[in-house]
Amino acid sequence: MPIKVLVIDDSALVRSLLTEIINATPDLRVVGTAPDPLAARQRIKELNPDVLTLDVEMPKMDGLAFLEKLMRLRPMPVVMVSSLTEKSSAVTLKALELGAFDFITKPKIDIRSGLMEYAEELAEKIRCARLSFKRRGSVPGVAPPVEAKLSADAVLPNRRQHFSTTEKVVAVGSSTGGTEALKTFLTALPADCPGILITQHMPETFTRTFAARLDGLCALAVKEAEHGDRVLPGHAYIAPGNRHMLLSRSGANYTIALDDGPPVSRHRPSVDVLFRSTANCAADNSLGIILTGMGDDGAAGMLEMHNAGARTLAQDEESCVVFGMPREAIARGGVDEVVPLSEMAGRLIGWLASHGKRSFRV
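So, how was this worked out
- Residue positions are given per chain, counting from 1 as you read along its sequence in written order.
- Only residues with pLDDT of at least 70 get local features here, since the model is predicted, and only at 80 or more are side-chain atom pairs given and counted; chain-wide, interface and lining totals rely on the full set of residues.
- Excluding hydrogens and water, the side-chain values take into account all heavy atoms of the structure.
- In this text, helices come from DSSP runs of H or I with a minimum length of four residues, and strands from runs of E with a minimum of two, each type numbered from the N-terminal end.
- Throughout, radius of gyration means the C-alpha value; the globule benchmark is 2.2 Å times the number of residues raised to the power 0.38.
- Here the term buried applies to any residue with accessible area under 20% of the maximum for its type, exposed to any over 50%, and partly exposed to those in between, with areas from a 1.4 Å probe on protein chains only.
- Two strands make a pair as long as DSSP finds a minimum of two bridges between them.
- For helices, the fitted line uses only the C-alpha atoms of the stretch in contact; every axis is such a line through C-alpha atoms, and the angle between N-to-C directions lies from 0 to 180 degrees.
- By this rule the span expected of a helix is its residue count minus one, scaled by 1.5 Å.
- Think of it like this: strands point away, you trace from the first strand over the helix to the second, and a clockwise trace means the crossover is right-handed.
- Disulfide assignment relies on a single distance test, namely cysteine sulfur atoms paired within 2.5 Å.
- Here a salt bridge means any side-chain nitrogen of Lys or Arg lying within 4 Å of a carboxyl oxygen belonging to Asp or Glu.
- Two rings from Phe, Tyr or Trp (for Trp, the six-membered ring) form a pair when their centres are within 6.5 Å of each other. A pair whose planes differ by under 30 degrees is stacked, one over 60 is edge-to-face, and the rest are tilted.
- In this scheme, Lys NZ or Arg CZ marks a charge over a ring once it lies within 6 Å of the ring centre and within 35 degrees of the ring normal.

Mind showing me how you'd approach the overall build of the protein chain here?
Regarding its fold elements, the protein chain presents 12 helices and 14 strands. The globule rule puts the C-alpha radius of gyration for 362 residues at 21 Å, and the 20 Å found for the protein chain is close to it. Once the C-alpha set of the protein chain is aligned to its principal axes, its extents read approximately 65 × 40 × 35 Å. The burial tally for the protein chain puts 56% of its 362 residues in the buried class.

For this particular structure, what's the right way to read the sheet that holds strand β14 (residues 337-339)?
In a beta sheet, neighbouring strands are held together by backbone hydrogen bonds and run either parallel or antiparallel to one another. If you trace the seven strands from one edge of the open sheet to the other, you get β8-β9-β7-β6-β12-β13-β14, paired in parallel fashion. The sheet terminates laterally at β8 (221-224) and β14, the two strands that pair on one side only. Ignoring which end each strand starts from, the neighbouring axes of this sheet average 20° apart. Note: strand β6 (residues 169-174) against strand β12 (residues 286-290), five bridges, orientation parallel.

Could you clarify how one ought to interpret helix α1 (residues 12-23) in this entry?
For an α-helix, the turn length of 3.6 residues means that residues three or four places apart are oriented alike. For α1, spanning 12 residues, the distance from its first C-alpha to its last is 16 Å, which sits close to the expected 16 Å at 1.5 Å a residue. Of the positions making up α1, those classed as buried are V14, R15, L17, L18, T19, I21 and I22.

Would you mind going over the pairing of strand β7 (residues 195-200) with me for this structure?
Side chains on a regular strand alternate between the two faces of the sheet. Within β7, six of the six residues are buried, leaving the element largely enclosed by the surrounding structure. Burial along β7 is two-sided: the face carrying G195, L197 and T199 and the face carrying I196, I198 and Q200 are both buried. Viewed along the sheet, the connection from β6 through helix α7 (residues 178-187) into β7 turns out right-handed. Pairing between β7 and strand β9 (residues 235-238): three bridges, direction parallel. In the sheet register, I196 faces β9, and the bridge partner there is A236.

Would you mind showing me how to read the state of the cysteines here?
Chemically, a disulfide is nothing more than a covalent bond linking the sulfur atoms of two cysteines. For the structure shown, the criterion picks out zero disulfides. Looking at C218, it has no disulfide partner, and the nearest cysteine sulfur is the one in C193, 10 Å off. We classify C218 as buried; its relative accessible area is 10%. Note on C320: no disulfide assigned, nearest cysteine sulfur contributed by C128 at a separation of 12 Å. For C320, a relative accessible area of 0% corresponds to the buried category.

What am I meant to see in the pattern of salt bridges here?
Pairs can form between side chains of opposite charge whenever their charged atoms are close. For the structure on display, the rule yields 24 salt bridges. E86 is paired through a salt bridge with R208; the nearest N and O atoms lie 2.4 Å apart. Remark: R208 occurs in helix α8 (residues 206-215) and E86 occurs in helix α4 (residues 86-98); sequence separation between them is 122 residues. Looking at R208, the relative accessible area reads 41%, which means it is partly exposed. A salt bridge links E337 to R311; its shortest N-O distance comes to 3.0 Å. Residue E337 is found in strand β14, and its partner R311 is found in strand β13 (residues 311-315); the two are separated by 26 residues along the sequence. Each of the salt bridges in this network shares a partner with another, and the network as a whole consists of K94, E97, E180, K183 and R213.

What am I meant to see in the packing of aromatic side chains here?
Aromatic rings in a pair are described by how distant their centres are and how their planes are angled relative to each other. Scanning the entire structure with this criterion turns up one aromatic pair. For the ring pair F103 and F206, a centre distance of 4.7 Å and an interplane angle of 5° mean the geometry is stacked. Of the two residues, F103 sits in strand β5 (residues 102-106) while F206 sits in helix α8, which places them 103 residues apart along the sequence. Like F103, the residue F206 is buried in the burial classification. Residue placement shows K125 over the ring face of F103; its charged tip is 5.6 Å from the ring centre. One residue, R249, lies across the ring of Y254, its end atom 4.4 Å from the ring centre.

Structure follows, in structure tokens:
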């Protein structure tokens, strides 16, 4: 049976376009639409949909209030449809905290062609939302076939650099479900951790808002990365949307380089790019972590980190929203240990202790 979808959006044009996109996919079917949350409540009772798409900014009832009530009274999979604005970014991140599965971005101009570009991504997220809700962790995690898939070779060569240093660095990659997983992981860490570089699949404006939100919650200082930033202990750096983040070196110091190269593993920023650069620059002085997400971005890069002597960890299936990225990294042989999310911070602390970072306070 096709997955039944209810589209909730105050724009008649967007409702029509989303209906057209979803109904063009054989295994999905729009069973109804609603212009606001009040109408949606009745439509949910009448149509019993499997998945909702929900506009971020809604009339008559605040979208977050609607989502909170929905998750408390009738939990179901929700994919948010968000505009690329600071306000929408903040609301979308709050929606993910409340239980929304994931989001797609709504273009500011030329809405039709913009939404059509997201057709495959939207369909995949609706499928994964439904599957994840039914059997958490059982989603295949297959990336949508929207374009030729490039490796990290498109951005930087796989070439080890030799430096004499004992400074540690942590590289983290995540996608669907990653915003909440990263919050859980980072808030459990003390302020004197080594520098942490994070690639989370997110569009522009979202990463800056996300970094600011984490900065207010963590003992670590969290910021959106800038080209040339020195990687400092006690700091976490979020790759900016639509730019690759690479670990680099300047003398004895780790630094950050941003790159506008083509998408790698269909993503920019790409986890594979971050992991390869970490293998090249830090080798056995690094720890690689791959968290929840669809697809296989990061699997090849994690194997390169593992082969360079880094310690590598993957989030376990039970605690993942989507087990795609960790599963693929494990299958390729690049993972040293599979770890529940709740224990990930402890593993990092243990790795530091075993590598002689005596100043680290547990």
